[in-house]
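So the chains spell out like this:
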Number of protein chains: 2
Amino acid sequence: MNTYLKRRNRLRELLSGESGIVVFVGNVESAAQYRDNGYKWRQDSNWLYFFGIDEPRFAAIMDLDGGGETVYADDFGIDDIIWMGPMPSVASLAEGAGVPASAPYAAFDEAVRAALAAGRRVHFLPVSRYYNAVKLSGLLGVAPDALFSVGKKGCPLASEPLVRAVVKMRLVKDAEEIALLDAAAELGFNMHTTARKGIRLGRIEQEIVGEMEGSTLGAGWGVSFATILTQHGEIFHCHSHEAPIEPGRLLLIDAGAESNAHYASDHTRTYPTGGKFTPRQRDIYQIVYECNELAFEMTRPGVPYRDCHLAAVRHMLDRLGQLGIVRGDVDEMAADGIGGLFMPHGLGHNMGLDVHDMEDLGENFVGYDDDQTRSSQLGLGSLRMARRLTPGNVITDEPGIYFIPALIAQWKAEGTDKGRVCYNRLEQYLDFGGIRLEDDVLITPDGARRLGSRRLPIAPDEVEAAMAEDVMKR
Amino acid sequence: MNTYLKRRNRLRELLSGESGIVVFVGNVESAAQYRDNGYKWRQDSNWLYFFGIDEPRFAAIMDLDGGGETVYADDFGIDDIIWMGPMPSVASLAEGAGVPASAPYAAFDEAVRAALAAGRRVHFLPVSRYYNAVKLSGLLGVAPDALFSVGKKGCPLASEPLVRAVVKMRLVKDAEEIALLDAAAELGFNMHTTARKGIRLGRIEQEIVGEMEGSTLGAGWGVSFATILTQHGEIFHCHSHEAPIEPGRLLLIDAGAESNAHYASDHTRTYPTGGKFTPRQRDIYQIVYECNELAFEMTRPGVPYRDCHLAAVRHMLDRLGQLGIVRGDVDEMAADGIGGLFMPHGLGHNMGLDVHDMEDLGENFVGYDDDQTRSSQLGLGSLRMARRLTPGNVITDEPGIYFIPALIAQWKAEGTDKGRVCYNRLEQYLDFGGIRLEDDVLITPDGARRLGSRRLPIAPDEVEAAMAEDVMKR
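Residues numbered from 1 in each chain as written. Chains lettered and ligands numbered in written order. Predicted model: local features only at pLDDT ≥ 70, side-chain atom pairs only at ≥ 80, totals over all residues.

Next up on the list: the overall build of chain A. Counting secondary structure elements, chain A contains 17 helices and 17 strands. Dimensions of chain A, computed from the C-alpha atoms along their principal axes, are close to 70 × 50 × 45 Å. A burial count over chain A gives 52% of its 474 residues as buried. Put simply, 73% of the contacts in chain A that link residues at least 6 apart link residues at least 24 apart. (Helix = DSSP H or I, 4+ residues; strand = E, 2+ residues; numbered from the N terminus. Buried ≥ 20, exposed ≤ 12 C-beta atoms within 10 Å, placed from the backbone. Contact = placed C-beta atoms within 7 Å.)

A separate point is the relation of the copies chain B and chain A. By a simple turn and slide, chain B fits onto chain A: the slide is 0.0 Å along the axis, the RMSD is 0.0 Å, and the turn is 180 degrees. What we have between these two chains is a two-fold relation. Minimal C-alpha distance to the rotation axis in chain B is attained by Gly214 of chain B, lying at 1.8 Å. Taken as a fraction of all interface residues of chain B, those also at the interface in chain A reach 100%, which identifies the copy contact as same-surface. (Least-squares fit on C-alpha atoms with pLDDT ≥ 70 in both.)

This part covers the sheet that holds strand β13 (residues 394-397) of chain B. Residue and element names in this part refer to chain B. Read across the open sheet, the 3 strands follow the order β13-β16-β17; overall the sheet is antiparallel. Each edge of the open sheet is held by one strand with a lone partner, namely β13 and β17 (447-450). In this sheet, adjacent strand axes meet at a mean angle of 40 degrees when their direction is disregarded. Relative to β17, strand β16 (residues 439-444) runs antiparallel, the two being bridged by 4 bridges. (Pairing = 2+ DSSP bridges. Axes fitted to C-alpha atoms, helices over the stretch in contact; angles between N-to-C directions.)

If you look at the interface, chain B gives 57 residues, while chain A gives 58 residues. Contributions of two or more residues to the side of chain B that touches chain A are made by β2 (31-34), α3 (78-84), α6 (130-140), α9 (205-217) and α15 (405-414) of chain B. No other element matches α9 of chain B, which puts 9 residues into the side of chain B that touches chain A. Here the side of chain B that touches chain A is composed, by residue class, of 29 nonpolar, 16 polar and 12 charged. (Nonpolar A, V, L, I, M, F, W, Y, C, P; charged D, E, K, R; others polar.)

This part covers the confidence of the model for chain A. Regions with low pLDDT carry predicted coordinates that are not meant to be interpreted in detail. Residues at a pLDDT of 70 or more form 100% of chain A, whose mean pLDDT is 96. The ipTM value of the predicted complex is 0.94, and its pTM value is 0.95. (pLDDT = per-residue confidence, 0-100.)

Attention now moves to the sheet that holds strand β7 (residues 122-123) of chain B. In any sheet, the strands associate via hydrogen bonds between backbone groups, in a parallel or an antiparallel arrangement. Residues and elements named next belong to chain B. The 5 strands lie next to each other as β6-β5-β4-β1-β7, forming an open sheet whose pairing is mixed. On the outer flanks of this sheet lie β6 (101-103) and β7, each paired with one strand and no other. Relative to β6, strand β5 (residues 69-72) is paired through 3 bridges, and the arrangement is parallel. For Thr70, the partnering residue across the bridge sits in β6 and is Ala101.

Where the parts come together, the accessible area they lose is often given as the size of the interface. Residues and elements named next belong to chain A. What the domain assignment reports for chain A is domain 1 (3-171) and domain 2 (175-348 + 385-473). Summarising the inter-unit geometry, the C-alpha centres of domain 1 and domain 2 are found 36 Å apart. In this assembly, 4 residues from domain 1 lie in contact with 4 residues from domain 2. Of the residues belonging to the side of domain 1 that touches domain 2, the class tally is 2 nonpolar, 1 polar and 1 charged. (Domains from an automatic or database assignment.)

Turning to the environment of Ile338 of chain A, a few remarks are in order. Residue and element names in this part refer to chain A. Relative to the helices and strands, Ile338 resides in the loop between α12 (330-335) and α13 (339-342). With 179 residues separating them in the primary sequence, Ile338 and Ser159 have C-alpha atoms 38 Å apart. Excluding residues within four positions of it along the chain, Ile338 makes contact with Leu317, Val326, Met333, Asp417 and Arg420.

For the rest of this paragraph, the subject is the packing of helix α1 (residues 3-14) of chain B against helix α7 (residues 160-171) of chain B. Residue and element names in this part refer to chain B. Two numbers describe how α1 lies on α7: the axes approach to 9 Å, and their chain directions differ by 135 degrees. As judged from the angle between their axes, α1 and α7 are oblique. The hand of the α1/α7 crossing is right-handed. Taken together, the residues of α7 that come into contact with α1 (itself represented by Arg7, Arg10, Leu11 and Leu14) are Ala165, Lys168 and Met169. Classifying every residue of the contact of α1 with α7 by side-chain character gives 4 nonpolar, no polar and 3 charged. (Parallel < 35°, antiparallel > 145°, perpendicular 65-115°, else oblique. Left-handed = near helix turned anticlockwise from the far one by under 90°.)

Take the packing of helix α6 (residues 130-140) of chain A against α6 of chain B next. Contact pair α6 of chain A / α6 of chain B: the axes reach a minimum separation of 8 Å and the direction vectors enclose 45 degrees. Taken together, α6 of chain A and α6 of chain B sit at an angle that is classed as oblique. Relative to α6 of chain B, α6 of chain A is oriented so that their crossing is left-handed. Mapping the contact onto sequence places Tyr130, Tyr131 and Val134 of chain A in α6 of chain A and Tyr130, Tyr131 and Val134 of chain B in α6 of chain B. Considering only residue class, the contact of α6 of chain A with α6 of chain B consists of 6 nonpolar, no polar and no charged.

Right, let's get into the pairing of strand β4 (residues 59-63) of chain A. Residues and elements named next belong to chain A. Burial within β4 is extensive, with 4 of its 5 residues counted as buried. As defined by bridge partners, β4 adjoins strand β5 (residues 69-72) across 4 bridges and the pair is classed as antiparallel. Within β5, the residue paired with Met62 across the bridge is Glu69. Between β4 and the antiparallel strand that follows it, β5, lie 5 residues; Gly67 among them carries a positive phi value of about 90 degrees.

Residues and elements named next belong to chain B. At His262, a position not held by glycine, the phi torsion is positive, near 75 degrees. Residues other than glycine seldom take positive phi values, yet Met358 does so here, at roughly 65 degrees. When you line up the elements, Met358 lands in the loop between α13 (339-342) and α14 (363-367).

Residues and elements named next belong to chain B. Tracing the backbone shows Gly26 in the loop between β1 (21-25) and β2. A sequence separation of 25 residues divides Gly26 from Phe51, and the C-alpha atoms of the two residues are 9.5 Å apart. Aside from chain neighbours lying at most four places away, what touches Gly26 is Gln43, Asp44, Trp47, Pro56, Phe58 and Ala59.

See the structure below:
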């Protein structure tokens, strides 16, 4: 059966207690400078999942009562053909998605208004872009800003049954999706390998970014998120790439590829800029590496991913204690959230069509089981995936240790650490930067495996050996 | 004096007959998948021109009566610093733009509401993105869609005096801008040279796109618009790059670089896929090349650029007549718009911070003098720059000849050509594709020069020689 029809039928099943209509609004082109000079075209992920039509200005309605489905879009006229080339008819695109009925784009608005006028419920997902917010806002008579998910909380106006059903489906990747994610991981492997080979003292970071993103654009849609390539790994989303590569630093590269089928990869590696770790770098790197491995070893069906996060943090605190940076009982330190000073983010997130999969639907709907309450602690509070793992889940495993001068200063001034931090030791690391090591992991029926056929070098010796080989091959 | 202050003072001068406040709204991050996974950050061009602060979530107000100016944005808290790194204070960024006063972002809304409540005029430019539309919509109490320019006509609600003043300023590039445009042209040269070297039979088009965009990302912001690289040059905005390079075809590459300073380049070259033009390809190519050269020769201060367009089209028709594709008096054919069948676009457009400079302000305000009326003919009607040229203008020179099967069929069926087209001859070209040749040109006090230090090979012999050399160097 048609993949998209199968998915929509499953969605109907999950919504069997509901009535009304479900509306889907695909994306339109998004302006970079102005309407006609857009960013690279990217379809809405939920639309791709349920309809697969990778063209702008499409919408659809699924009738939960009558059972009908209609795709709404306009056929191309001669002007469109001159500027954009011939497009298959809307009817044939709809048919390809398993939808027998199609109608002009404007008829979508009429159909939604008619449903509202008849007192029927209009189920919709939180929007991810302002165009869609404006479109639905006009139909529903609410402010555009009210239609976005508000971070962890979701979107109060959107249909919770619909959100829960979509999350339930997209959380578990089917065989077709797993193959696409494996392929995206290959792109990610090549992208990161290109980057590593480009590391040379004196080069500008941006030159390496160009090479790695070029490799991805040559074989995929592009990057799955804005590349982080920085000698300031302690800044999580550092998108400035103007610095020359300096000796003795760590270069953190967190980057992902998006395939032409729009599935993501997301890997992080951290390299010694000169090819060899200093002893101090190796100490910290080794801890992060152990945390990554430990979390992966624990990753299997039935385990809450929050437990993997907590285990990694406890191990990190234990090992930082051995270095004299913290002191005290590991469990007490973990309970007090001391780990957040070093890793103020979560161990990982879901990944799929989106690099942070479904984040537009509300982080807690996506990442938390109904009986799990999200922490407000720094670090644990940022954990985006806490759920009990199920075969077909795809997650990232990305522990990190960072030395963030502003945060350290704040904790010291406010006594947040309750005496657990040895500041005279810690402050020797203020110029260190940060390390993160990230893999993409599929939960299998009996455990877990990393996506893709090859793992990027990660053990400290492996990394140094790979960099030495890169130099040899130049 | 501070560049931005100088520009704003000039704007004040041009608006000396007006009162009220002028509002500027910078961009926020734009969602690719959802709010937190955005497209690459790109500031609004008008904001960059008048304030230069390349950070999201800034706004400003210029008081035309009192003379004050205020920049509105929020300083970073500890969470922002963890995720995005330290940012200079808003006050210091404002000072860098020559603005002594700053206030929190939310105070912008209050200030606009206060001005409206006091019955003062609020001057604003048409918006280019939905976020800005929603923001202004809420303040002004109008529908978001009413705040965009509607193609040629501009935006009826925006301030026409403000639009005219900004256009007047940005149309004439100052020495600083010209240096930045020359630098962007160098990026464009490198990008196109990388692409040309990558042309080999059997490669997938996307591989070449990756290499050329990678070269640009390594040295600049990225591409100034979505790359067109296609063996179907007859489709103007062909963004599909899945085809293998086939023998005997023409590969049209229309691509531009955007520098880190956000100035654009925009060049088009068309290559024989195997390195040698067929006689039929060379015939058509030679005509396009002559049109490009002819238009450039005519380009100098005082000449309406529409005249360059018309001269190029007349020459094209004359030469197509020699090939037996059209017949009749050239002037009559030109007057009847026969050129539009072969070149359904204009000769060129303004270029600067935007690749189609200021298109968000309304095409006719930007490209037409007050005494010029825009044609509705196919081709001439799409001319985006018709004005009398002035030193400091930067324009593209991009004639093309295309054989568009759907358009030819339509003209034949409807008799649009009034007997001027020899269809039995023309229909031999239905599988030809299209050719466009584009340079970026600066109007100088006594003529014009192409931007950048080197011109991409363009004469047919030059192109073949360059491609032969590429093969030698492999």
